[in-house]
Amino acid sequence: MSIQIRKDRCVGCGKCQEVCPGTLIQIIDKKAVMKYPKNCWGCVSCVKECKAGAIEFYLGADIGGMGGTMNVTQKGDLLNWNITRADGSELVISVDRRNSNKY
């Protein structure tokens, strides 16, 4: 899991930097930049705070692996990510979007 910063949308307000619990985001030349993207654990606090839509959240290969699939179900603010890895093992990650840093 990780985030991706769309520099073409970033306005450099710094809100994402303020809410990132791992201090992984910094502002350089008025744009948000991930210092250590592999250290992002996917709390999505920055995604919720970014009003410009410059930060996107995605599941990387480290969760599903090559050939893995994901199905997302939503009920209100609760998201369930149902991941089936290539080896057939399954993983479910539940995220409450109102309190996104708690899994």
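Since the model is a prediction, treat every value here as computed from it, not as a measurement.

Trainee: How should I be thinking about the overall build of the protein in this particular structure?
Mentor: Each helix and strand in the protein was counted, giving 3 helices and 7 strands. Taking all 103 residues of the protein together, the buried fraction comes to 30%. Of all intrachain contacts in the protein linking residues separated by at least 6 positions in sequence, the fraction that spans at least 24 positions is 41%. Accessible surface for the protein amounts to roughly 6,600 Å². Of this, 50% is attributable to carbon and sulfur atoms.

Trainee: Even after reading the chapter, I still don't get the pattern of salt bridges, so can you show me in this structure?
Mentor: Opposite charge on two side chains permits them to pair, given that their charged atoms come into close proximity. Per the counting criterion, the structure on display carries 1 salt bridge. Here Arg-6 makes a salt bridge to Asp-8, at a shortest N to O gap of 2.9 Å.

Trainee: Help me understand the pairing of strand S7 (residues 90-96), please; the structure alone is not making it clear to me.
Mentor: When a strand is regular, its side chains alternate between the sheet's two faces. Bridging between strand S6 (residues 78-84) and S7 involves 7 bridges; their strand directions are antiparallel. Residue pairing in the sheet places Asn-80 in a bridge with Ser-94 of S7. Here S6 folds back onto S7 in antiparallel fashion, the turn holding 5 residues, of which Gly-88 has a positive phi close to 95°.

Trainee: Got a minute to help me understand the environment of Gly-53 in this structure?
Mentor: As for its position among the elements, Gly-53 is in the loop between helix H2 (45-49) and strand S4 (55-58). The spatial distance from the C-alpha of Gly-53 to the C-alpha of Val-11 is 9.8 Å, given a sequence separation of 42 residues.

Trainee: What am I meant to see in unusual backbone geometry here?
Mentor: The phi angle of most residues is negative, glycine excepted, and most peptide bonds adopt the trans form. In this model, Asp-29 sits at a positive phi of 50°, which is unusual for a non-glycine residue. As for its position among the elements, Asp-29 is in the loop between strand S2 (25-28) and strand S3 (31-34). In the Ramachandran plot, Lys-30 falls in the positive-phi region, its phi being about 60° despite a non-glycine side chain.

Trainee: Explain the nonpolar core to me, please; I cannot follow it from the model alone.
Mentor: Proteins that are soluble and globular tend to have nonpolar side chains buried together. Counting residues in hydrophobic clusters, the biggest one holds 14 residues, and the most contacted among them are Ile-3, Ile-25, Met-34 and Ile-55. Those elements giving two or more residues to this core turn out to be strand S1 (2-5) and S3. The next biggest cluster of nonpolar side chains, apart from the first, holds 5 residues, and it includes Leu-79, Ile-83, Ile-93 and Val-95.

Trainee: Sorry if this is basic, but what is going on with the state of the cysteines here?
Mentor: Here, the word disulfide means a covalent bond between the sulfur atoms of two cysteines. Per the stated rule, a full pass over the model turns up 0 disulfides. The cysteine Cys-13 is free of any disulfide, with Cys-16 supplying the nearest cysteine sulfur at 6.2 Å.

Trainee: Explain the confidence of the model for the protein to me, please; I cannot follow it from the model alone.
Mentor: The predicted coordinates of low-pLDDT regions are not to be read in fine detail. In the predicted model, the protein carries a mean pLDDT of 78, and 76% of its residues have values of at least 70. Within the protein, the element-level pLDDT minimum falls on helix H3 (residues 61-64), averaging 58, and the maximum on S2, averaging 92.

Rules and cut-offs
Residues numbered from 1 in each chain as written. Predicted model: local features only at pLDDT ≥ 70, side-chain atom pairs only at ≥ 80, totals over all residues. Heavy atoms only, no water. Helix = DSSP H or I, 4+ residues; strand = E, 2+ residues; numbered from the N terminus. Buried < 20%, exposed > 50% of the residue type's maximum accessible area, 1.4 Å probe, protein only. Contact = heavy atoms within 4.5 Å. Areas by Shrake-Rupley, 256 points an atom, 1.4 Å probe, with all protein chains shown as cover. Salt bridge = Lys/Arg side-chain N within 4 Å of Asp/Glu carboxyl O. Pairing = 2+ DSSP bridges. Core = buried A, V, L, I, M, F, W, Y, C linked by side-chain atoms within 4.5 Å. Disulfide = S-S within 2.5 Å. pLDDT = per-residue confidence, 0-100.

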